[in-house]
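Here is what each chain is made of, one letter per residue.
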Amino acid sequence: MADTPALPDRTTSVTRNVAVASLLALIALGLAWELWLAPTGQRTWALKVLPLAIPLAGFLKYRMRTYRWVSLLVWLYFTEGVVRATSERGVGAGLAALQVLLCVVLFTACAWHVRWRLKRGHAAEAEAAAADLPAR
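None of the values given here were measured: they were computed from a predicted structure.

What counts and what doesn't
- Residues numbered from 1 in each chain as written.
- Predicted model: local features only at pLDDT ≥ 70, side-chain atom pairs only at ≥ 80, totals over all residues.
- Heavy atoms only, no water.
- Core = buried A, V, L, I, M, F, W, Y, C linked by side-chain atoms within 4.5 Å.
- Buried < 20%, exposed > 50% of the residue type's maximum accessible area, 1.4 Å probe, protein only.
- Helix = DSSP H or I, 4+ residues; strand = E, 2+ residues; numbered from the N terminus.
- Contact = heavy atoms within 4.5 Å.
- Phe/Tyr/Trp six-rings, centres within 6.5 Å; stacked < 30°, edge-to-face > 60°.
- Lys NZ or Arg CZ within 6 Å of the ring centre and 35° of its normal.
- pLDDT = per-residue confidence, 0-100.
- Salt bridge = Lys/Arg side-chain N within 4 Å of Asp/Glu carboxyl O.

## Concerning the nonpolar core
Piece 1. Ranked by internal contacts, the top residues of the largest apolar core, which has 26 residues, are Leu-23, Leu-52, Phe-59 and Leu-106.
Piece 2. The set of elements that each furnish at least two residues to this core consists of α1 (10–37), α3 (56–60), α4 (64–87) and α5 (91–132).
Piece 3. At 8 residues, the largest contribution of residues to this core is made by α5.
Piece 4. Not counting chain neighbours up to four residues away, the residues in contact with Phe-59 comprise Arg-16, Ala-19, Val-20, Leu-23, Thr-66, Tyr-67, Val-70, Leu-106 and Cys-110.

Below, the structure written as structure tokens:
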């Protein structure tokens, strides 16, 4: 099965757009949080969003493996959000809750994208196999 679809259908495009939007929002939130809204320490925690910039190219090119590994990576940010939402007060707790929400949206978009692409690929394989069968 090809790593990138020939012509993305509506579901594939929607899940990609949701994944890209939530990833960009997660990056923007992480930077704003650590640099301006509720900075911690010497603002070096803003570097934690750098790994989130890596999958953008893979998302835009519909690379299936990118969606797969991001669905695992996002749980690190989810865990951080849960810990900070329950341990911080004020603005930090609200930002952490927003981070958790964005992580759930990103995971859902990635999982839906992978499942849909696999289902579509299996259907295409079955269709090709049926076309190869001799008529009786």
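## Re the side chain of His-113
Piece 1. Secondary-structure assignment places His-113 in helix α5.
Piece 2. The class for His-113 is buried, based on a relative accessible area of 0%.
Piece 3. Excluding its chain neighbours within four sequence positions, the residues that come into contact with His-113 are Thr-12, Thr-15, Arg-16, Tyr-62 and Tyr-67.

## Thoughts on the packing of aromatic side chains
Pairs of aromatic rings are described using the distance from one ring centre to the other and the angle between the two planes.
Piece 1. Applying the stated criterion across every chain, the model contains 3 aromatic pairs.
Piece 2. Seen in terms of ring centroids, Phe-59 and Tyr-67 are 4.5 Å apart; in terms of plane orientation they differ by 25°. Their pairing is stacked.
Piece 3. Between Trp-75 and Phe-78 the ring centres are 4.9 Å apart and the planes differ by 75°, which places this aromatic pair in the edge-to-face class. Of this pair, Trp-75 and Phe-78 both sit in helix α4, separated by 3 residues, roughly a single helical turn.
Piece 4. A relative accessible area of 23% means that Phe-78 is categorised as partly exposed.
Piece 5. Three or more aromatic residues link up through ring pairs in this structure, and these residues are Trp-75, Phe-78 and Phe-107.
Piece 6. Positioned above the aromatic ring of Trp-33 is the side chain of Lys-48, whose terminal nitrogen or guanidinium carbon lies 4.8 Å from the ring centre.

## Observations concerning the confidence of the model for the protein
Piece 1. When the pLDDT values of the protein are averaged, the result is 88; 93% of them are 70 or greater.
Piece 2. Looking at the elements of the protein, mean pLDDT is at its lowest for α5, recorded as 89, and at its highest for α4, recorded as 96.

## As for the pattern of salt bridges
Piece 1. In the structure shown here, the tally under the stated rule is 6 salt bridges.
Piece 2. The closest approach of N and O atoms between Lys-48 and Glu-80, which form a salt bridge, is 2.6 Å. Highlighted residues: Lys-48 in the loop between α1 and α2 (50–53) and Glu-80 in helix α4, separated in sequence by 32 residues. The residues Lys-48 and Glu-80 share a single accessibility class, namely buried.

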